[in-house]
Amino acid sequence: MFGSHPAESPRKGMSNAVAVIGLGRFGGALALELMRNGTDVLGVDHDEATVQRFNGKLTSVVRADATDEDVLRELSVNEFERAVVGIGSDIQASILTASRLVKFGCPAIWAKAITEPHAEILTQLGVQHVVNPESDMGTRAAHLIQHRILDFVPIDDGYALVRCTPPLPIQQRPMDLLNVRQKLGVSVVAVCRPGGQWEPIEPGTMLYDDDQILVTGPTRKVERFSNLA
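For clarity, every value in this text was computed on a predicted model and none was experimentally measured. In every chain, residue numbers begin from 1 and rise along the written sequence. Whole-chain, interface and lining totals are the exception, using all residues; otherwise, since this is a predicted model, local features are given only for residues with pLDDT of at least 70 and side-chain atom pairs are given and counted only at 80 or more. Side-chain metrics in this entry use all non-hydrogen atoms of the structure; hydrogen atoms and water are not considered.

## So, the pattern of salt bridges
Put simply, a salt bridge is a Lys or Arg side-chain nitrogen that is within 4 Å of an Asp or Glu carboxyl oxygen. Tallied over the entire structure, the rule returns five salt bridges. Here Glu33 and Arg36 are joined by a salt bridge, their closest N and O atoms 2.9 Å apart. Linking Glu33 with Arg36, this pair stays in helix 1 (residues 25-36), spanning three residues, or about one helical turn. For Glu69, the salt bridge identified is with Lys103, shortest N-O distance 3.0 Å. On the criterion of sequence distance, the pair formed by Glu69 in helix 3 (residues 69-74) and Lys103 in helix 4 (residues 91-104) is long-range, its members being 34 residues apart. With relative accessibility at 16%, the residue Glu69 sits in the buried group. Among the charged side chains, a network of salt bridges with common partners joins Glu69, Arg73 and Lys103. The numbering of helices and of strands both runs from the N terminus, where a helix is a DSSP run of H or I of at least 4 residues and a strand a run of E of at least 2. To sort residues, take the accessible area from a 1.4 Å probe on protein chains only and compare it with the maximum for the residue type: under 20% means buried, over 50% means exposed, and anything in between is partly exposed.

## Digging into the pairing of strand 6 (residues 108-112)
Extensive coverage of strand 6 is indicated by the burial of four of its five residues. Here four bridges tie strand 5 (residues 82-85) to strand 6, and the two strands are oriented parallel to one another. The partner of Val84 across the bridge, within strand 6, is Trp110. Assignment of crossover handedness uses the view with strands pointing away from the viewer, where a clockwise path from the first strand over the helix to the second indicates a right-handed crossover. Regarding the hand of the β-α-β motif, the stretch spanning strand 5, helix 4 and strand 6 is right-handed. DSSP calls a pair of strands paired once it identifies at least 2 bridges connecting them. Both strand 6 and strand 7 (residues 129-131) contribute to a ladder of three bridges, which runs parallel. Its bridge partner lying in strand 7, Ala111 is registered against Val130. Taking the sense of rotation as the criterion, the β-α-β connection linking strand 6, helix 5 (residues 116-125) and strand 7 turns out right-handed.

## Regarding the layout of surface pockets
The pocket and cavity definitions rest on a 1 Å grid over protein atoms only: a 1.4 Å probe that fits but cannot leave marks a cavity, an open set with protein on both sides within 12 Å along at least five of seven lines marks a pocket, and residues lining either have an atom within 4 Å of a point. Grid points are joined across faces, edges and corners, and a volume is the space filled by probe spheres set on the points. As a volume, the largest pocket reaches approximately 430 Å³. Contributing to the lining of the largest pocket are 20 residues, with Asp136, Thr139, Phe152, Pro154 and Asp156 lying nearest its centre. Listed by contribution, the elements that provide at least two residues to the lining of the largest pocket are helix 5, strand 7, helix 6 (133-146), strand 8 (149-156) and strand 9 (159-164). In this count, Pro and Cys sit with the nonpolar residues alongside Ala, Val, Leu, Ile, Met, Phe, Trp and Tyr, while Asp, Glu, Lys and Arg are called charged and the others, Gly among them, polar. When grouped by side-chain class, the residues that make up the lining of the largest pocket number nine nonpolar, six polar and five charged. Throughout the structure description, domain borders are defined by an automatic or database domain assignment. Inspection of the lining of the largest pocket shows a minimum of three residues originating in each of domain 1 (17-136) and domain 2 (147-227). In this structure, the second largest pocket encloses a volume near 320 Å³. As for the second largest pocket, its lining consists of 22 residues, and the residues nearest its centre are Gly22, Asp45, His46, Ile87 and Ser89. Of the residues in the lining of the second largest pocket, the class split is eight nonpolar, nine polar and five charged.

## Notes on the nonpolar core
In this structure, Ile21, Leu42, Val44, Leu75, Val77 and Leu101 are the most contacted members of the largest nonpolar core, which totals 27 residues. Listing elements by their share of this core, those giving two or more residues are strand 2 (17-21), strand 3 (40-45), helix 3, strand 5, helix 4, strand 6 and helix 5. Throughout, a contact is declared for two residues whenever any of their heavy atoms are within 4.5 Å. With sequence-adjacent residues up to four places away left out, Val77 is seen in contact with Ala19, Ile21, Leu42, Leu72, Leu101 and Phe104. Grouped together as the second largest cluster of nonpolar side chains are 18 residues, Ile149, Phe152, Ile170 and Val188 included. Nonpolar cores were defined as sets of buried Ala, Val, Leu, Ile, Met, Phe, Trp, Tyr and Cys residues, with membership established by side-chain atoms within 4.5 Å.

## Points about the UniProt feature "domain: RCK C-terminal" (unreviewed entry) in the chain
UniProt positions are given in the numbering used here, feature names are shortened, and annotations may be inferred rather than shown by experiment. Mapped onto this numbering, the UniProt entry annotates "domain: RCK C-terminal" (unreviewed entry) at residues 147-229. Secondary structure over residues 147-229 splits into 20% helix and 36% strand, and the C-alpha atoms at its two ends are 12 Å apart.

## Side note on the pairing of strand 8
Examined bridge by bridge, strand 8 and strand 9 share six bridges and lie antiparallel to one another. Along strand 9, the bridge assignment pairs Asp156 with Tyr159. With antiparallel pairing between neighbouring strands as the criterion, strand 8 and strand 9 make up a hairpin whose turn holds two residues, including Gly158 at a positive phi of roughly 80 degrees.

## Some points on the domain arrangement of the chain
For the chain, the assigned domains read domain 1 (17-136) and domain 2 (147-227). Inter-centroid distance (C-alpha atoms) of domain 1 to domain 2 is 36 Å.

Here it is as structure tokens:
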């Protein structure tokens with residue numbers, strides 16, 4: 001450990017704290033969003049300039065070599081229930097850091113992968129959640145380009161949540177009369193009117209051309225649904 005810039009130690013509430021190791025674009029954005037949502041964050045990075053940039057923005061931020069098991073123990077990372085490995089450019093450091101977390105028995109580990117082999121190794125190590133931001137973004141963009149989808153979120157292999165406008169065949173009729181799930185194999189779960197907020201779909205809800213809706217179901221079926229004319 002080379003030095004620290006603590007704001008307030010997150011150790012008092014490990015169950016609500018997350019250790020984010022690697023504060024590049026992915027890890028840094030994730031750490032700041034966690035803080036905005038009220039989660040304590042211990043940030044760790046090897047670069048002094050990066051640590052200085054996050055000083056005061058995270059609960060605690062430390063310049064340290066996260067591949068060193070003793071250093072991680074000194075920082076009490078072994079006591080965290082949730083940890084993120086945001087290291088991307090140095091695959092060896094990413095793998096070593098992830099292996100330390102797995103050895104600690106951390107219940108929930110997320111790690112960034114930059115290639116498919118990198119992701120495969122992390123999975124084999126026992127990392128529960130492997131994220132490939134570039135690949136995931138490419139997949140998402142492909143769905144947005146090919147279909148009339150405003151947003152696409154893969155939920156599981158072959159299953160997705162999409163945001164789209166209501167296809168013409170389901171407009172201006174009560175939802176309980178349409179039998180969308182039985183006929184089309186998807187579920188319309190929420191609607192947002194122009195200038196309004198998201199509300200759950202009720203049996204008598206009617207949809208219009210300028211609404212936005214959330215639809216869940218098998219990926220192919222929600223794509224087909226969004227393109228109904």
